[in-house]
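Single-letter residue listing:
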Amino acid sequence: MNYPIALHKDTHSAYGVTVPDLPGCYSAGASLEEAVVMAEEAIQCHLEGLLRDGDPIPQPRALEEHQLNPDFQKAAWGLILVDPSKIFGVLLPNNG
């Protein structure tokens, strides 16, 4: 699964990251590279929390769909590849 991330930076701030398909999933980093790494960790933790709570896992929507959202007009975009086995495999019973 590839989750789109919106990257933003204001003057005198860290890089902020929003994951539009996962409401409440945010991250940040001092550098662009750190922001992306932290976003991957935030997504994994968020998905694990949803699974533990028995909530559905939102499927990522197309990046182009998010780019049309006026809330993200000034964002730079990236994709975070989530390996389901790293998340789902840890939480599913009978996984070897």
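Right, let's walk through the structure included here. Since this is a predicted model, take the numbers as computed values, not measurements.

**Remarks on the pairing of strand 2 (residues 15–18)**
- The sheet contact formed by strand 1 (residues 2–9) and strand 2 spans four bridges and is antiparallel. By the bridge assignment for strand 2, Ala 6 is matched with Thr 18.
- Here strand 1 folds back onto strand 2 in antiparallel fashion, the turn holding five residues, of which His 12 has a positive phi close to 60 degrees.
- Where strand 2 lies against strand 3 (residues 26–29), four bridges are found, and the strand directions are antiparallel. Note on strand 3: the bridge partner recorded for Thr 18 is Tyr 26.

**Topic: the environment of Glu 40**
- Here Glu 40 shows up in helix 1 (residues 32–53).
- A residue is classified by how much of its surface remains accessible, and Glu 40, at 32% relative accessible area, is partly exposed.
- Not counting residues up to four positions away in its chain, the partners in contact with Glu 40 are Ile 80 and Leu 81.

**With respect to the side chain of His 66**
- On the secondary structure map, His 66 appears in helix 2 (residues 63–67).
- Leave out the neighbours within four places in its chain, and His 66 touches Pro 4, Pro 20, Asp 21, Arg 61, Phe 72 and Trp 77.

**Quick notes on the sheet that holds strand 2**
- Taken in spatial order, the four strands make up an open sheet running 3-2-1-4, and their pairing is antiparallel. Of all strands in the sheet, those with a lone pairing partner are strand 3 and strand 4 (76–81), marking the two edges. Ignoring which end each strand starts from, the neighbouring axes of this sheet average 30 degrees apart.
- Running over the sheet, helix 1 touches strand 1, strand 2, strand 3 and strand 4 and is turned about 155 degrees from strand 3.

The rules we used
Residues numbered from 1 in each chain as written. Predicted model: local features only at pLDDT ≥ 70, side-chain atom pairs only at ≥ 80, totals over all residues. Heavy atoms only, no water. Pairing = 2+ DSSP bridges. Helix = DSSP H or I, 4+ residues; strand = E, 2+ residues; numbered from the N terminus. Buried < 20%, exposed > 50% of the residue type's maximum accessible area, 1.4 Å probe, protein only. Contact = heavy atoms within 4.5 Å. Axes fitted to C-alpha atoms, helices over the stretch in contact; angles between N-to-C directions.

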